[in-house]
Amino acid sequence: TLLRVARLDAGGPTVLEQVCAAEVVAEAMRLAGADGRTSVLIDPRVGEIPADPARLARALANLLDNALKFGPAGQVVDVRINCPPEITLHRLRCG
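Residues numbered from 1 in each chain as written. Predicted model: local features only at pLDDT ≥ 70, side-chain atom pairs only at ≥ 80, totals over all residues. Heavy atoms only, no water.

Some details on the overall build of the protein chain
Thinking step 1. Within the protein chain, the secondary structure is distributed over three helices and five strands.
Thinking step 2. Mapped from its N terminus to its C terminus, the protein chain presents α and β elements in the order α-β-α-β-β-α-β-β.
Thinking step 3. Here the protein chain holds 95 residues, and the buried ones make up 34% of them.
Thinking step 4. If you take every contact in the protein chain between residues at least 6 apart in sequence, the share linking residues at least 24 apart comes to 68%.
Thinking step 5. Carbon and sulfur atoms make up 57% of the accessible area of the protein chain, which totals about 5,900 Å². (Helix = DSSP H or I, 4+ residues; strand = E, 2+ residues; numbered from the N terminus. Buried < 20%, exposed > 50% of the residue type's maximum accessible area, 1.4 Å probe, protein only. Contact = heavy atoms within 4.5 Å. Areas by Shrake-Rupley, 256 points an atom, 1.4 Å probe, with all protein chains shown as cover.)

Right, here's the structure in full:
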């Protein structure tokens with residue numbers, strides 16, 4: 001929401017809530033413009049995680065953007081969420 005973005009920009013306090021990990025990753029991919037250049041694998045045992053969804057999505061989007069921007073041409077970035085909840089990014093070459 002606009003209030004969350006304003007709080008992020010102002011460096012406001014982190015507010016943790018239970019959020020769907022898959023939704024946060026989807027938002028990060030949208031923010032990074034990563035459509036078609038990422039693969040996502042989420043362990044089905046991972047549901048909700050305690051996080052500030054706006055901050056986590058923005059941080060993941062920054063990592064995705066950097067991986068796509070500064071990696072080799074034709075790469076795919078692999079986003080994985082494992083159980084216990086741990087998010088990892090891997091750059092994969094194509095061709």
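Notes on the pattern of salt bridges
Thinking step 1. Taken as a whole and assessed by the stated rule, the structure comprises five salt bridges.
Thinking step 2. A salt bridge links D43 to R45; the shortest N-O distance between them is 2.7 Å.
Thinking step 3. Overall, R45 belongs to the exposed group, its relative accessible area being 61%. (Salt bridge = Lys/Arg side-chain N within 4 Å of Asp/Glu carboxyl O.)

Let's talk about the environment of T38
Thinking step 1. Following the sequence through the fold, T38 ends up in strand β2 (residues 38-42).
Thinking step 2. A relative accessible area of 16% places T38 in the buried class.

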